[in-house]
Amino acid sequence: MKILYLDCFSGISGDMFLGSLIDAGLDVISLKRQLAKLPLKGYKITSKKVKRSGISATKFDVVVDKAVREKERTLKDIITLIERSSLDKDIKTGAIGIFNRLGRAESHVHGESIKHMHFHEVGDTDSIIDIVGAVIALKLLKVEKVYSSPVTVGFGGTIMTRGGNLPLPAPAALYLLKGMPLAHIDTAKELVTPTGAALLSGLVDGFSRVPNFILKETGCGAGANDTKERPNCLRAMIGETEEAFIEDRIYVLEANIDDMNPVDYEHLTETLFKEGALDVYLVPIQMKKTRPGVLFTVLANKADLDKLSAIIFNGSTTIGIRYYETARKKLKRDFVKVKTRFGDIKVKVSSGPRGIRKAIPEYEDCKRLARANNIPISRVRGEVERVI
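This is a predicted model, so every value here is computed, not measured.

Chemist: I keep staring at the overall build of the protein and nothing clicks. Help me out?
Modeler: Assigned secondary structure in the protein consists of eleven helices and 18 strands. Relative to its length of 388 residues, the protein is extended, with a C-alpha radius of gyration of 30 Å against a globular reference of 21 Å. Residue burial in the protein is summarised as follows: out of 388 residues, 46% are buried. Pairs at least 24 residues apart make up 68% of the contacts formed inside the protein by residues separated by at least 6 positions. Roughly 21,100 Å² of accessible area belongs to the protein as shown, and the carbon and sulfur atoms make up 50% of that amount.

Here you go:
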């Protein structure tokens, strides 16, 4: 699995996010090609190498033509613009989700209805490009999970906006940062913009220290200011984790039985499998007064506990069932049809981390072909192994 880790030691903004990914290897031409699917005109994208406190970084910019007069857009305007594009559906969904978060934040801060509220700077062309571009970038890089460090914010300054002179962090940004771990420094500079906070809110799966992964690429995205206190940059780390086993939780039902006709177990077992049991097995045990007995065990999903318990009570002599939850690791399983000279056979292919792979032909198919061809079943299995 490919992971992106964001080191927000100096905050985050939309241009810092895209700059860091370009610095880490995102192809700018592919990004521009995707962004061109938006019905937006009168802008160009630039990226260049700069230095922030002596550190090399990439500065991403959206330059809007001076002749273009930005109009104030509502949330509905922006959603319509994205939906009218020819972008892939998952990109549209991701970008609209982030703008909905921004809309709720702005509505809360300004006390206005989200339907009629006009976005100010966050509705401009550059903000639209930043947010849609961020979703596109993750898809181009094939990133599956995004994690972040605690977010450094600046307190002690103000910023002039179209809506007035606002304290830092900007109220909309602070609203979007709810639930996130924060660190702060005293600075008059804006470290976390509303767009940056919206990206964190909409894209990050969790906040933690650097995860255990194999680091593949790093990148540094420059902010607009070259501050003396610390490099005004966002660091991106892209890495991969090893494939993991599938994990889930199941229930174990058990009953000790010593007074049941052994031939009845077959019907009981078949009924349990038919009704959703994951597995059924019998283990010989010695019970009181040295009587031989059976530990009858059923593996089941939680939703099937009562149904399967009723079947065990009705179909056996037991008057008590123990049950408990347990964890399980398992391999990924797929079924494929394999053509052999004896006929088609369904094969269960199981795979997992560290190159684990198993292919087991279905017994009933092997038995059917062995009978049809009047050959030993071992020969059918051998043919399957030869083919796969």
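That was the structure; now back to the text.
Chemist: Quick question: what am I supposed to make of the nonpolar core here?
Modeler: One recurring pattern in soluble globular proteins: nonpolar side chains tend to sit buried together. L4, L6, F17 and L38 are the most contacted members of the largest nonpolar core, which has 63 residues in total. If one sorts the elements of this core by residue count, helix α5 (residues 125–140) sits on top with nine residues. When neighbours within four sequence positions are excluded, F17 is seen to be in contact with L4, L6, I12, A134, L138, L199, L203 and L234. The next biggest cluster of nonpolar side chains, apart from the first, holds 18 residues, and it includes L268, L272, F296 and I312.

Chemist: Help me understand the packing of aromatic side chains, please; the structure alone is not making it clear to me.
Modeler: To describe a pair of aromatic rings, one takes the distance between the centres and the angle between the planes. Considering all chains together, one arrives at two aromatic pairs under this definition. Here the aromatic rings of Y251 and Y323 are separated by 6.4 Å at their centres, their planes lie at 40°, and the arrangement is tilted. Highlighted residues: Y251 in strand β12 (residues 246–257) and Y323 in strand β15 (residues 322–330), separated in sequence by 72 residues. Y251 sits in the buried class, given a relative accessible area of 12%. Here K346 stacks its cationic end above the ring of F335, 5.4 Å away from the centre of that ring.

Chemist: Whenever I open this one, the pattern of salt bridges confuses me. Can you help?
Modeler: In a structure, side chains of opposite charge can pair up when their charged atoms sit close to one another. Within the structure shown, the criterion is met by 19 salt bridges. Between D23 and K49 there is a salt bridge whose closest N-O contact spans 2.5 Å. Taken together, the residues span a long stretch of sequence, with D23 in helix α1 (residues 14–23) and K49 in strand β2 (residues 43–52) at a distance of 26 residues. For K49, a relative accessible area of 54% corresponds to the exposed category. Put simply, D365 and R368 hold a salt bridge, and the shortest N to O gap is 3.6 Å. Taken together, the residues span about one helical turn, with D365 and R368 both in helix α10 (residues 363–373) at a distance of three residues. A residue is classified by how much of its surface remains accessible, and D365, at 18% relative accessible area, is buried. Under the relative-accessibility criterion, R368 is labelled partly exposed at 43%. If you follow the salt bridges from partner to partner, you end up with D15, K59 and D61 in one network.

Chemist: Looking at this structure, I do not really get the sheet that holds strand β13 (residues 279–286). What am I missing?
Modeler: Overall, antiparallel pairing links the four strands, which are arranged β13-β14-β12-β15 in an open sheet. The open sheet terminates on both sides in strands that have one partner only, identified here as β13 and β15. Across the sheet, the axes of successive neighbouring strands diverge by a mean angle of 30°, strand direction being ignored. In this sheet, strand β14 (residues 292–300) lies alongside β12 in antiparallel orientation, the contact comprising seven bridges. Across the sheet, E254 pairs through a bridge with T297, a residue of β14.

Reading guide: rules and limits
Residues numbered from 1 in each chain as written. Predicted model: local features only at pLDDT ≥ 70, side-chain atom pairs only at ≥ 80, totals over all residues. Heavy atoms only, no water. Helix = DSSP H or I, 4+ residues; strand = E, 2+ residues; numbered from the N terminus. Rg over C-alpha atoms; globule rule 2.2 N^0.38 Å. Buried < 20%, exposed > 50% of the residue type's maximum accessible area, 1.4 Å probe, protein only. Contact = heavy atoms within 4.5 Å. Areas by Shrake-Rupley, 256 points an atom, 1.4 Å probe, with all protein chains shown as cover. Core = buried A, V, L, I, M, F, W, Y, C linked by side-chain atoms within 4.5 Å. Phe/Tyr/Trp six-rings, centres within 6.5 Å; stacked < 30°, edge-to-face > 60°. Lys NZ or Arg CZ within 6 Å of the ring centre and 35° of its normal. Salt bridge = Lys/Arg side-chain N within 4 Å of Asp/Glu carboxyl O. Pairing = 2+ DSSP bridges. Axes fitted to C-alpha atoms, helices over the stretch in contact; angles between N-to-C directions.

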